[in-house]
Every structure is written in C-alpha cells, then in structure tokens.
Amino acid sequence: MDYPKEDSKSLYDYSDNSVQHAGYAAIAYAAINLFSGVLALIQYFIYHRPGTGGIISHGFVSQQYLQHTPLLTAVAMAFSIIIAVTSGILAFFIFRRSRFAVVTMLALVIVLQLFTWFVAHSPAGTLVSIIVAGFLLRGARRIFPDYSERRLDATKEV
C-alpha cells in the first residue's frame, strides 16, 4: 500500500483513485438503468398499435404489443428510476467513503444480476455488472482499511 510522503500535510493519499472510481461506477450504473428505462418506453411507442403494416410481420408486432403493455412499461420505467436514484444516492456516500454504501451498492448490483439470470433467464447486463462490481470491490478494498486506520489513530490519541 502506498502512503503519502512523510512531509506532506495531506490527510489522504490522492494517488489512489479506487474510491472515486467506485463512485463513478455507481453513477454509470445509474445512467445505464435510466437508459434501459428509456429503451422500454421507446419499445412501447414502437409497438403500441399492432398490425399497422410495414415490413414487420403482423404476428410479430401483435406479440410485441402483448409484451409492451402500458402497465409493463410503467413498471419497467418505475424500477429503472428507483434503481437509478438508489445508485445515485449510494454513489454520493461512496464518495464520502461510507462502508455501508459500497457494500449496499455491491449487493444491489449482484442481486439485480442474479434476478436477471435466474428469473428472466437472460444474460443481459452481465458484462456491465461484472465491470461495476469490479470497481466497487476495488473501492471497498480501499475504504475498509482507511476506516480501520482512522479508528486506530483515534484510539492512539486518547
């Protein structure tokens, strides 16, 4: 572990950006979830009138119409907004070096990906989840020792 120079007046070592990258990964995860909600909304408007002609077969459009009903689109939008807001709030606290926030964000990413794999039977989002989880693990690896060092320093001063 690299420590700042002994003559430095800085409280933190700014050469390691693991915590900042974990926060940025949480923000990116929020943006990707918002984008997926927008895509669900676009699909609704594409397929909301079944059998209107064009080059797409009528059976395919009718099936897509049943999969993109107003209720399902509203639920998808609501979940994507809730996940994005939660990720944004957790990103704020990750930047403030909160252990709870980084663990909660990591659990959120893992649980949502497991849901996608085992309930929706889809590999969608696997690569994004692996990358975000990697950055969160790097940030957690930096946050936990920093917290322990601060507690140890505080007990030495007493």
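A quick note: this is a predicted structure, and the numbers were derived from the prediction, not measured.

Reading the values: the criteria
- Residues numbered from 1 in each chain as written.
- Predicted model: local features only at pLDDT ≥ 70, side-chain atom pairs only at ≥ 80, totals over all residues.
- Heavy atoms only, no water.
- Helix = DSSP H or I, 4+ residues; strand = E, 2+ residues; numbered from the N terminus.
- Buried < 20%, exposed > 50% of the residue type's maximum accessible area, 1.4 Å probe, protein only.
- Contact = heavy atoms within 4.5 Å.
- Polar contact = N/O pair within 3.5 Å; in protein donor to acceptor, adjacent residues only side chain to side chain.
- 1 Å grid on protein atoms, 1.4 Å probe; cavity = no way out; pocket = protein on both sides within 12 Å on 5 of 7 lines; lining within 4 Å.
- Points joined across faces, edges and corners; volume = space filled by probe spheres on them.
- Nonpolar A, V, L, I, M, F, W, Y, C, P; charged D, E, K, R; others polar.
- Phe/Tyr/Trp six-rings, centres within 6.5 Å; stacked < 30°, edge-to-face > 60°.
- Core = buried A, V, L, I, M, F, W, Y, C linked by side-chain atoms within 4.5 Å.
- Axes fitted to C-alpha atoms, helices over the stretch in contact; angles between N-to-C directions.
- Parallel < 35°, antiparallel > 145°, perpendicular 65-115°, else oblique.
- Left-handed = near helix turned anticlockwise from the far one by under 90°.

A.B. asks: What exactly am I supposed to notice about the overall build of the protein chain here?
C.D. replies: Summing up its helical and strand segments, the protein chain has five helices and zero strands in all. Each helix (α) and strand (β) of the protein chain, taken in turn from the N terminus, gives the series α-α-α-α-α. Within the span of the protein chain, comprising 158 residues, buried residues form 28% of the whole. Sequence-distant contacts in the protein chain: of pairs separated by 6 or more residues, those separated by 24 or more amount to 70%.

A.B. asks: Whenever I open this one, the side chain of S98 confuses me. Can you help?
C.D. replies: Along the polypeptide, S98 turns up in the loop between helix 3 (70-95) and helix 4 (99-118). Within the structure, S98 has its side chain in polar contact with the backbone nitrogen of F100 (distance 3.5 Å).

A.B. asks: For this particular structure, what's the right way to read the layout of surface pockets?
C.D. replies: Estimates place the volume of the largest pocket at around 890 Å³. What lines the largest pocket is a set of 21 residues, among which N33, S36, I83, F115 and T116 lie closest to the centre. When residues of the lining of the largest pocket are traced back to their parent elements, those giving at least two are helix 1 (18-47), helix 3, helix 4 and helix 5 (126-157). Per element, the largest residue contribution to the lining of the largest pocket is six residues, and it comes from helix 1. In terms of residue class, the lining of the largest pocket is made up of 12 nonpolar, nine polar and no charged.

A.B. asks: Hey, could you run me through the packing of aromatic side chains in this one?
C.D. replies: The geometry of an aromatic ring pair comes down to the distance between the two centres and the angle between the two planes. This structure, assessed with the given rule, holds three aromatic pairs. Ring centres of F92 and F93 lie 5.1 Å apart, and the angle between their planes is 80 degrees; this geometry places the pair in the edge-to-face category. When its relative accessible area of 37% is taken as the criterion, F93 is described as partly exposed.

A.B. asks: Can you help me understand the environment of V75 in this one?
C.D. replies: By the element assignment, V75 lies in helix 3. Look at V75 and you get partly exposed, because its relative accessible area is 35%. Through-space distance from the C-alpha of V75 to that of G37 is 9.5 Å; in sequence the pair is 38 residues apart.

A.B. asks: I'm lost on the nonpolar core in this one. Help?
C.D. replies: Nonpolar side chains in soluble globular proteins tend to be buried together. Membership of the largest hydrophobic core comes to 19 residues, with the highest contact counts inside it found for Y29, I94, V102, M105, V109, V132 and L136. Mapped by element, the contributors of at least two residues to this core are helix 1, helix 3, helix 4 and helix 5.

A.B. asks: I'm lost on the packing of helix 3 against helix 4 in this one. Help?
C.D. replies: When two helices pack together, their arrangement is given by the angle between the helix axes and the distance between those axes. Packing of helix 3 against helix 4 brings their axes to within 8 Å, and their N-to-C directions diverge by 150 degrees. By the criterion of interaxial angle, the relationship of helix 3 to helix 4 is roughly antiparallel. Relative to helix 4, the crossing made by helix 3 is left-handed. Touching I83, T86, S87, L90, F93 and I94 of helix 3 are A101, V102, T104, M105, L108 and L112, all from helix 4. Residue composition of the contact of helix 3 with helix 4, grouped by class: nine nonpolar, three polar and no charged.

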